Each structure stands twice: as structure tokens, then as C-alpha cells.
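Chain residues, written in single-letter form:
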Amino acid sequence: MKTLDPFYLIVGHVSRIELLVPHGVNLVQLRIKDQPEDEIRRQIARARDFCAVHRAQLVVNDYWQAALDLRCGFVHLGQEDMDDADFAALRRAGVRFGLSTHDEAELDRALSLDPAYVALGPVYPTLLKKMKWGPQGLDRVRAWKKAAGGTPLVGIGGLTLDRLPGVFAAGADSAAVVTDIQQADDPEARCRDWIATTREYLR
């Protein structure tokens, strides 16, 4: 049975990993955008080593080849990234992968690859980036969980602590959080709140 921590932090720079992971984060994705290759690899390597010290699972977004080269154990791929990814190489290296999904066809494709998890989003409206999909809603979360079976389901997009109970009740196994922490007046305190709240669902 695959399992996943209920709190899934997503950050855009390794410095945020160094700020937030020591508060007790177990699962964190490094989502680097618009940086040169050497900077991407520098951040991934630094994040890999920092997470190892703190016993946190690092997930590298998009850059699967760099993750392979730098011996990271987990990547996240969007639908476009899946077209180019060498899944055979990832499997040979023992690298787990999570996959983004937004509609039934994408979900079927993702599940056929036996991922470590599938992500559904945006569950709620999100301000972080423009997306061609509207909010999926909790009914969609329920349908995805039914289809995913034993594969963990990550809910992402517009999640807040107030919305968390509904997301978990609908079947999500993990809540991916970006904006609610990124834009908080005190990101460290907000991160601790998320950790404490999601841990309640493990009891």
C-alpha cells in the first residue's frame, strides 16, 4: 500500500526549503521556474542534501533528468513533462514519480504508469498561475479517489486550513500547499499550523 504524508509543501526556491523544512515538514516539492540549468542543478543538489539531513522527502518538479543525475529519489511531472520523461530510466534508478491530472483521460494515462501518487487540481480557484482548467471541486476529488483506488491522491489549488477538512473528507490523502504559505505574513507560523492540523488526520 502506497502512503503519502498528508501535508505536501511546494516551494519555488531552495531557500524556502531551508526556512520551512526544519519546522517538521516531511514532504516538500521544489518547483523551480525560469532559471538557467546550472542554477536549477545547484538548487536541487542543495535541497537534496538539506532534506536528507532533516529526513524530509524531496520531490523535484519537472526536471527529471537532473533528478536522475543528482540521485534524487522522487520527481513530479505534469502532463507535458510526461511526454518527454524516460519512465524506464526512472524505474531502473528507483525514482518514484507523482503525476498531475486534470481530466479523466489524463487520470487514466497517469494510473497506467503506476505512479506514487496522482494530483488533482485546482480543487479551488488559485491565484498562483493561470490555468486552462476551472476549479475541480470536491465532487471531482471523490470521483478521482474512487478511480485511483490504492494510489494516493493529492489535492492542490487554493487550499486553506478552513478548506482542509472538506478536501480530506472527499478522499484526498495529501494536501499540496503553495499560496497559503507563500503569501502568509509569517510563512513559518503558517507552515507550523498546517503541520499540526494535518497531523490530526493521522491519529
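Keep in mind that this is a model prediction, so the values were computed, not measured.

Caption draft 1: Here's a closer look at the overall build of the chain. Broken down by element type, the chain carries 10 helices and eight strands. Relative to a compact globule of 203 residues, whose C-alpha radius of gyration would be 17 Å, the chain shows 16 Å and is just as compact. Each principal axis of the C-alpha atoms in the chain carries an extent, and together these give about 40 × 40 × 35 Å. Each of the 203 residues in the chain was classed as buried or not, and the buried ones make up 51%. Excluding contacts between residues fewer than 6 apart, the proportion of contacts in the chain whose partners are at least 24 apart in sequence is 54%.

Caption draft 2: How the structure looks around the sheet that holds strand β8 (residues 174–177). With parallel pairing, eight strands are arranged side by side around a closed barrel as β1-β2-β3-β4-β5-β6-β7-β8. Averaged over neighbouring strand pairs, the angle between their axes works out to 25° when direction is ignored. Sheet topology places strand β6 (residues 117–120) next to strand β7 (residues 153–156); three bridges connect them, and they run parallel. Residue pairing in the sheet places Leu120 in a bridge with Gly155 of β7. Lying over the sheet, helix α2 (residues 37–53) contacts β2 (27–30) and β3 (57–61), oriented at roughly 165° with respect to β3. Along the sheet, helix α6 (residues 104–111) contacts β5 (96–101) and β6; its crossing angle with β5, the most-contacted strand, is approximately 170°.

Caption draft 3: Representation of the side chain of Gln29 within the structure. By the secondary structure assignment, Gln29 is in strand β2. Residue classification places Gln29 among the buried residues on the basis of a relative accessible area of 2%. Setting aside residues up to four positions removed in sequence, Gln29 forms contacts with Tyr8, Leu9, Ile10, Val11, Val59, Asn61, His76 and Tyr117.

Caption draft 4: Focus on the pattern of salt bridges. This structure, assessed with the given rule, holds 12 salt bridges. Salt-bridge contacts for Arg109 lead to Asp83; the nearest nitrogen and oxygen are separated by 2.7 Å. Placement of the pair is Arg109 in helix α6 and Asp83 in helix α4 (residues 79–84), with a sequence separation of 26 residues. By relative accessible area, which is 55% here, Asp83 ends up exposed. Where salt bridges share partners, they join Glu37, Arg41 and Asp69 into one cluster.

Caption draft 5: Up close: the packing of aromatic side chains. On inspection of all chains with the given rule, the structure shows four aromatic pairs. Consider the rings of Phe7 and Trp194, whose centres lie 6.0 Å apart with planes at 15°: the pair is stacked. One end of the pair, Phe7, is in strand β1 (residues 7–11); the other, Trp194, is in helix α10 (residues 187–199), with 187 residues separating them in the sequence. Given a relative accessible area of 0%, Phe7 falls into the buried group. Residue classification places Trp194 among the buried positions, given a relative accessible area of 0%. Between Phe87 and Phe97, the ring centres sit 4.9 Å apart and the planes meet at 65°, which makes this aromatic pair edge-to-face. Taken together, the residues Phe87 in helix α5 (residues 87–92) and Phe97 in strand β5 connect sequence positions 10 residues apart. Look at Phe97 and you get buried, because its relative accessible area is 3%. Aromatic ring contacts, followed pair by pair, group Tyr8, Phe74 and Tyr117 into a single cluster.

Rules behind the numbers
- Residues numbered from 1 in each chain as written.
- Predicted model: local features only at pLDDT ≥ 70, side-chain atom pairs only at ≥ 80, totals over all residues.
- Heavy atoms only, no water.
- Helix = DSSP H or I, 4+ residues; strand = E, 2+ residues; numbered from the N terminus.
- Rg over C-alpha atoms; globule rule 2.2 N^0.38 Å.
- Buried < 20%, exposed > 50% of the residue type's maximum accessible area, 1.4 Å probe, protein only.
- Contact = heavy atoms within 4.5 Å.
- Pairing = 2+ DSSP bridges.
- Axes fitted to C-alpha atoms, helices over the stretch in contact; angles between N-to-C directions.
- Salt bridge = Lys/Arg side-chain N within 4 Å of Asp/Glu carboxyl O.
- Phe/Tyr/Trp six-rings, centres within 6.5 Å; stacked < 30°, edge-to-face > 60°.

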